Amino acid sequence: MDAISRELLVAQGKAEALFAEVAQSGMVSAGKLESELTSEIHALAQARFGVRRHWHKRIARSGPNTLLTYHDGDSDRPIGNDDIVYLDFGPVFEAWEADFGRTYVVGCDPDKHRLVGDLADAFNRGKNFYRQSPNVTAGQLYDYTAGLAADYGWEFGARTAGHVIGRFPHETRPQDPDHLRIRHGNSIPLREPDANGRPRHWILEIHFVDRGREIGGFFEELLTVDARG
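Please read these numbers as outputs of a predicted model, since none were measured by experiment.

Q: Help me understand the overall build of the protein, please; the structure alone is not making it clear to me.
A: Within the protein one finds 4 helices and 10 strands. Ordered by position from N to C terminus, the α and β elements of the protein give α-α-β-β-β-β-β-α-α-β-β-β-β-β. For 229 residues, the compact-globule estimate of 2.2 N^0.38 gives 17 Å, and the C-alpha radius of gyration of the protein, at 17 Å, lies within 12% of that figure. Projected onto its principal axes, the C-alpha positions of the protein cover 50 × 40 × 35 Å. Counting all 229 residues of the protein, 52% fall into the buried class. For the protein, restricting intrachain contacts to residue pairs at least 6 apart in sequence, the fraction spanning at least 24 positions comes to 65%. When the accessible surface of the protein is summed, it comes to about 10300 Å², and 48% of that surface belongs to carbon and sulfur atoms. Positive and negative side-chain charges of the protein, numbering 27 and 34 respectively, have mean locations separated by a distance of 4 Å.

Q: What is the right way to read unusual backbone geometry from this model?
A: As a rule of thumb, non-glycine residues mostly have phi less than zero, and peptide bonds are mostly trans rather than cis. Of note in the backbone geometry, Ala95 takes a positive phi value of approximately 75° without being a glycine. Looking at the element boundaries, Ala95 is found in the loop between β3 (92-93) and β4 (96-97). A positive phi angle, close to 60°, is found at Glu214, a residue other than glycine. On the secondary structure map, Glu214 appears in the loop between β9 (201-210) and β10 (215-222). A relative accessible area of 42% means that Glu214 is categorised as partly exposed.

Q: I would appreciate a short explanation of the pairing of strand β5 (residues 100-106) in the present structure.
A: When a strand is regular, its side chains alternate between the sheet's two faces. In terms of burial, β5 is a largely internal element, 7 of the 7 residues being buried. Neither face of β5 is open: one carries Phe100, Arg102, Tyr104 and Val106, the other Gly101, Thr103 and Val105, and all of them are buried. Pairing of strand β2 (residues 83-89) with β5 involves 7 bridges; the strand directions are antiparallel. When the sheet's bridge partners are listed, Asp83 is paired in β5 with Val106.

Q: Please explain the pattern of salt bridges as it appears in this structure.
A: For side chains bearing opposite charge, pairing can occur when the charged atoms are close. One pass over the full model with this rule turns up 14 salt bridges. Here Asp151 ties to Arg125 by a salt bridge, and the two come within 3.0 Å at their closest N and O atoms. Highlighted residues: Asp151 in helix α4 (residues 138-152) and Arg125 in helix α3 (residues 110-131), separated in sequence by 26 residues. Overall, Asp151 belongs to the exposed group, its relative accessible area being 51%. The class for Arg125 is partly exposed, based on a relative accessible area of 29%.

Q: Looking at this structure, how should I read α3?
A: Spacing of three or four residues puts side chains on the same side of an α-helix, whose turn is 3.6 residues. In this model, α3 (22 residues) spans 32 Å end to end at C-alpha, consistent with the 32 Å of a helix rising 1.5 Å per residue. Those residues of α3 lying buried are Lys112, Leu115, Asp118, Leu119, Ala122, Phe123, Gly126, Lys127 and Tyr130. Those residues of α3 that are buried lie in contact with β2, β5, α4, β9 and β10. For α3, the N-terminal capping position is held by Asp109, with its side-chain oxygen 2.9 Å away from the main-chain nitrogen of Asp111.

Q: How should I be thinking about the pairing of β10 in this particular structure?
A: Here β10 lies mainly inside the structure; 8 of its 8 residues are buried. Sheet topology note: the β9/β10 ladder contains 8 bridges and is antiparallel. When the bridges of β10 are listed, Leu204 appears paired with Glu221. Hairpin geometry of β9 and β10 is characterised by an intervening segment of 4 residues between the two adjacent antiparallel strands and by a positive phi of about 60° at Glu214.

Q: For this particular structure, what's the right way to read the packing of aromatic side chains?
A: The geometry of an aromatic ring pair comes down to the distance between the two centres and the angle between the two planes. A complete count under the given rule lists 9 aromatic pairs for this structure. Ring geometry for Phe49 versus Phe93: centroids 6.3 Å apart, planes at 80°, classification edge-to-face. On the criterion of sequence distance, the pair formed by Phe49 in helix α2 (residues 34-49) and Phe93 in strand β3 is long-range, its members being 44 residues apart. Assessed through its relative accessible area of 5%, Phe93 is described here as buried. When the centroid spacing of 5.7 Å and the interplanar angle of 90° are considered together, the rings of Tyr142 and Phe156 count as edge-to-face. In this pair, Tyr142 is assigned in helix α4 and Phe156 in strand β6 (residues 155-156), connecting sequence segments 14 residues apart. Pair check on accessibility: Tyr142 and Phe156 agree, each one buried.

Conventions we followed
Residues numbered from 1 in each chain as written. Predicted model: local features only at pLDDT ≥ 70, side-chain atom pairs only at ≥ 80, totals over all residues. Heavy atoms only, no water. Helix = DSSP H or I, 4+ residues; strand = E, 2+ residues; numbered from the N terminus. Rg over C-alpha atoms; globule rule 2.2 N^0.38 Å. Buried < 20%, exposed > 50% of the residue type's maximum accessible area, 1.4 Å probe, protein only. Contact = heavy atoms within 4.5 Å. Areas by Shrake-Rupley, 256 points an atom, 1.4 Å probe, with all protein chains shown as cover. Lys, Arg positive; Asp, Glu negative; His and termini not counted. Charge placed at Lys NZ, Arg CZ, Asp CG, Glu CD. Pairing = 2+ DSSP bridges. Salt bridge = Lys/Arg side-chain N within 4 Å of Asp/Glu carboxyl O. Expected span 1.5 Å × (residues − 1). Polar contact = N/O pair within 3.5 Å; in protein donor to acceptor, adjacent residues only side chain to side chain. Phe/Tyr/Trp six-rings, centres within 6.5 Å; stacked < 30°, edge-to-face > 60°.

Structure follows, in structure tokens:
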């Protein structure tokens, strides 16, 4: 495993620990505004992990708002008694970016709990597809990942399924921002190195929704790095 991969994996491990503490603390609870939840998690990240900046806006969405993507306008609502909530945070740990998303259920609704499990399973399938496809492009991975939604009885909720990540600030292409996103039609090979000849690293995002019931869920983490290297 190269040095960049190790740093990104360490950053993700800290983000995962942060989310575990959020879940164990009962912070995701009925009656709390989405904005209050993001503020509490931000304070926890500062106190426990020394996080002083986030490379993208912090998101907590619940109920019908879980149909929204990162790029949709912000809103605010109280979490309900039998609700679904997803969190999307991009903390920077020691100059390295993490991008981590998880979904939680307040209550016992079986479909919402099934959605949480389906998201994790679909992520693993998407990552296995990447591992087994040495020449896969961003567009091909998007099409495969979006197609998984129907296998579980959901719709895919976003026009993107991931993006590059790295040392803060990560590589960008302002004149063509979609070039470094996992989306339909993007022909960039995911294993193509950057302009300096270094491997690019990518995040994979899964957003499943049921528009009829107005619920959705989100799961994201590193695509190109894991504990096995």
